[in-house]
Amino acid sequence: MRKPLIAGNWKMYKTPAEGVDFARQLAPLVDGINDRDIMIAPAFPALEAVGGALKPTSVALGAQDLFWEADGAYTGQVAPRMLVACGCRYVIIGHSERRQYFGETDETVRRKVIAAVKAGLVPVMCVGETEKEREAGQTFPILDKQIKNGLKDLIADDLAALVIAYEPVWAIGTGKTATVDQAQEAHRFIRSHVAELLGSTLAEGMRILYGGSVKPENISELMAMPDIDGALVGGASLKPDSFSRIVKFN
Ligand code: PGA
């Protein structure tokens, strides 16, 4: 019922030329795949070039962040319609690195989700607990807070395309993956929480991605879980070979 989505988050890697090179190598590796959605999120300067190189493929373009204003004197920020003009369909919002290093809060996440929806972009809203929070038994309260605040004032009609990415902070870039049971438990919690907030129709149709050290070796067991609908892949999305092997999980 839910079409899987495999998304690559390139973070601060790849120039436009390097991104185009990747896209050209990826294209034949994912040719003809249409039973799952694929997305790549390059850094802002590479969006347009990579988007152009992905045009003949079914791989969609995403951005890693956006600002909530439509335009104005906001040095260094990028507006939603600029992303649309570059060919973006998706935008990642509230990644833990942005929360940790760049002052992103649940409130800025909320504003960005609203801005993305208004611009017709699919928001990929990231949530997840730190290691300390998990050890303190705070995983569910943290997810509860991030989701409730991040989606406050939004209604189900606005969020038909919403994607949530569950990324336990302690599993990002560390090689430590959550066990499939830990991931499934968190995904189940997220889905039931969204059902309470926005109704079960939206929650049952909503894709929840797992992120944190996803690799070709662990994608299949993750995807076998009932509430895991895809992956947000960092490190392993940087090489066409490993990314395409993740895309082709079975
Ligand atoms: P990772 O990153 O796959 O390198 O752990 C995931 C992410 O941060 O989205």
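First, a word on scope: everything that follows refers to the structure included in this document. (Residues numbered from 1 in each chain as written. Predicted model: local features only at pLDDT ≥ 70, side-chain atom pairs only at ≥ 80, totals over all residues. Heavy atoms only, no water.)

### Considering the pattern of salt bridges
In plain terms, the rule: Think of a salt bridge as a Lys or Arg side-chain nitrogen and an Asp or Glu carboxyl oxygen that are within 4 Å of each other. The helix and strand labels rest on DSSP assignments: H or I over at least four residues marks a helix, E over at least two residues marks a strand, and numbering proceeds from the N terminus. Three exposure classes are used, based on accessible area relative to the maximum for each residue type with a 1.4 Å probe and protein chains only: buried under 20%, partly exposed in between, and exposed over 50%.
Per the stated rule, a full pass over the model turns up 23 salt bridges. Note that Asp 106 and Lys 145 form a salt bridge whose closest N and O atoms lie 2.8 Å from each other. Here the residue Asp 106 occupies a position in helix H5 (residues 106-119), and Lys 145 occupies one in helix H7 (residues 139-150), the gap between them amounting to 39 residues. Across the pair Arg 191 and Asp 229 runs a salt bridge, and its minimum N-O distance is 2.8 Å. Of this pair, Arg 191 sits in helix H8 (residues 180-198) while Asp 229 sits in the loop between helix H10 (219-223) and strand S8 (230-233), and the two are 38 residues apart along the sequence. In terms of burial, Arg 191 and Asp 229 fall into one category: buried.

### With respect to the packing of H7 against H8
Operational definition: Simply put, an axis is a line fit to the C-alpha atoms, just over the touching stretch for a helix, and the angle between two N-to-C directions goes from 0 to 180 degrees. Throughout, the term roughly parallel applies to angles under 35 degrees, roughly antiparallel to angles over 145, roughly perpendicular to angles from 65 to 115, and oblique to all others. Crossing handedness: left-handed means the near helix sits turned counterclockwise from the far one by under a right angle, and right-handed means the same turn made clockwise. Pairs of residues are marked as contacts when any of their non-hydrogen atoms sit within 4.5 Å. Classification convention: Asp, Glu, Lys, Arg as charged; Ala, Val, Leu, Ile, Met, Phe, Trp, Tyr, Cys, Pro as nonpolar; all other residues, Gly among them, as polar.
Following both chains from N to C, one finds H7 and H8 inclined at 40 degrees, their axes separated by 10 Å at the closest point. With respect to H8, the axis of H7 lies oblique. The hand of the H7/H8 crossing is right-handed. Touching Phe 140, Leu 143, Asp 144, Ile 147 and Lys 148 of H7 are Glu 185, Ala 186, Phe 189, Ile 190, His 193, Val 194 and Leu 197, all from H8. Residues of the contact of H7 with H8, tallied by class, amount to eight nonpolar, one polar and three charged.

### Observations concerning the site of the ligand
To be explicit about the condition: Only a single heavy atom is needed: when it lies within 4 Å of a molecule or strand, its residue is near that molecule or strand. Polar contact criterion, stated in full: a pair of N or O atoms within 3.5 Å, where within protein one must be able to donate a hydrogen and the other to accept it, and residues adjacent in sequence count only if both atoms are side-chain atoms. For each structure, a 1 Å grid was placed over the protein atoms alone; sets of points admitting a 1.4 Å probe that cannot get out are labelled cavities, open sets with protein on both sides within 12 Å along at least five of seven lines are labelled pockets, and lining residues have an atom within 4 Å of a point. Any molecule with more than half of its atoms within 2 Å of a cavity's or pocket's grid points is counted as sitting in it.
Around the ligand sit 13 residues, and of these Lys 11, His 95, Glu 167, Gly 173 and Ser 213 come closest. His 95 is positioned with one of its side-chain polar atoms (N or O) 2.6 Å from an oxygen atom of the ligand. Between the ligand and Glu 167, the relevant distance is 2.7 Å, taken from an oxygen atom to a side-chain nitrogen or oxygen of the residue. Counting atoms within 2 Å of the grid points, the majority share of the ligand lands in the second largest pocket. Its residues assigned to classes, the shell around the ligand shows four nonpolar, seven polar and two charged.

### Let's talk about the packing of H5 against H7
Where H5 meets H7, the axes come as close as 8 Å, and the angle between the chain directions of the two elements is 45 degrees. Taken together, H5 and H7 sit at an angle that is classed as oblique. Seen from above, H5 lies across H7 with right-handed handedness. Where H5 abuts H7, its residues Asp 106, Val 109, Arg 110 and Val 113 lie against Lys 145, Gln 146, Asn 149 and Gly 150. Within the contact of H5 with H7, the residues separate by chemical class into two nonpolar, three polar and three charged.

### Topic: the pairing of strand S5 (residues 122-127)
For the record, the criterion: Being paired, for any two strands, means DSSP has found at least two bridges between them.
A large share of S5 lies buried, amounting to six of its six residues. Side chains of S5 alternate between two faces, with Val 122, Val 124 and Cys 126 and Pro 123, Met 125 and Val 127 buried alike. By the bridge criterion, four bridges tie strand S4 (residues 88-93) to S5 in an arrangement that is parallel. Within the sheet, the bridge partner assigned to Ile 93 lies in S5 and is Met 125. For S5 and strand S6 (residues 163-166), the ladder comprises four bridges, and the chain directions are parallel. Bridging from a neighbouring strand, Cys 126 pairs with Ala 165 of S6.

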